[in-house]
Amino acid sequence: MITMYGIKNCDTIKKARNFLDNERVSYSFHDYKVSGVDKAKLEEWVMEHGWETILNRSGTTFKALDAGDKAHIDADKAILLMMTNPSMIKRPILDTGKQTIIGFKATTYENALAGAIA
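Just so it is clear, the model here is predicted, and its values are computed rather than measured.

For the pairing of strand E1 (residues 3-6), give the residues involved together with the corresponding values.
On a regular strand, each side chain points to the face opposite its neighbour's, so the side chains alternate between the two faces of the sheet. Along E1, one buried face is formed by Thr 3 and Tyr 5 and the opposite face, lined by Met 4 and Gly 6, is buried too. Strand direction decides the pairing type here: E1 and strand E2 (residues 28-31), joined by four bridges, are parallel. Within the sheet, the bridge partner assigned to Met 4 lies in E2 and is Phe 29. One crossover worth recording links E1 to the parallel E2 by way of helix H1 (residues 11-22), and it is right-handed.

Outline the nonpolar core, supporting the account with residue identities and numerical values.
Core analysis: the largest hydrophobic core is formed by 20 residues, its most contacted members being Tyr 32, Leu 42, Ile 54, Leu 55, Met 82 and Ile 89. Counting residues per element, this core draws most heavily on helix H7 (residues 75-84), at four residues. Those residues in contact with Leu 42 that lie beyond four places of it in its chain are Val 37, Ile 54, Ile 79, Met 82, Met 83 and Ile 89. Judged by nonpolar contacts, the second largest core, of 13 residues, contains Ile 2, Met 4, Leu 94 and Tyr 109.

Outline the environment of Met 4, supporting the account with residue identities and numerical values.
One can find Met 4 in strand E1. Note on Met 4: relative accessible area 0%, which makes it buried. In this structure, the C-alpha to C-alpha distance between Met 4 and Glu 52, residues 48 residues apart in sequence, is 20 Å.

Account for the environment of Gly 50, naming residues and giving values.
On the secondary structure map, Gly 50 appears in the loop between helix H3 (39-49) and helix H4 (51-54). According to the relative accessible area criterion, Gly 50 is buried, its value standing at 17%. As for Gly 50 and Tyr 32, which are separated by 18 residues in sequence, their C-alpha atoms are 20 Å apart.

Definitions and cut-offs
Residues numbered from 1 in each chain as written. Predicted model: local features only at pLDDT ≥ 70, side-chain atom pairs only at ≥ 80, totals over all residues. Heavy atoms only, no water. Buried < 20%, exposed > 50% of the residue type's maximum accessible area, 1.4 Å probe, protein only. Helix = DSSP H or I, 4+ residues; strand = E, 2+ residues; numbered from the N terminus. Pairing = 2+ DSSP bridges. Right-handed = clockwise from strand over helix to strand, strands pointing away. Core = buried A, V, L, I, M, F, W, Y, C linked by side-chain atoms within 4.5 Å. Contact = heavy atoms within 4.5 Å.

This is the structure in C-alpha cells:
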C-alpha cells in the first residue's frame, strides 16, 4: 500500500494528491497535524535520506525557532524538532512500499509508480 505523509492544507501536498488521483493511484494519506508522527518512522527516513533532507529549514515554523534551537542540529535534534513541530517535516513523503520519495516532482512519481499508474 502506498502512503503519503504530510499536512492536508500544504500546496505541494495538494499537487501531489491531485497527481495521484488523476493517475488513479490508490494510496492512504497520513496527516501529521491529525495523527502526529511516529518517531520510528522519522528515524527510518533520516537514516535513508539524512536529516538535512527531511528537516524543512525553509519553512516559517523553522525560521520562527530561536537561535538556540537552530544551532548545532544533528540527526537526534532534528528528529526531536520534527516530533515537536511536524510542520518542519519536508513534504510530501511518499512511501511506495519499495522506496521513499521526498518532495513532489511529477516525473519522479511517474518513474517510481510506473506499475501503479492506470
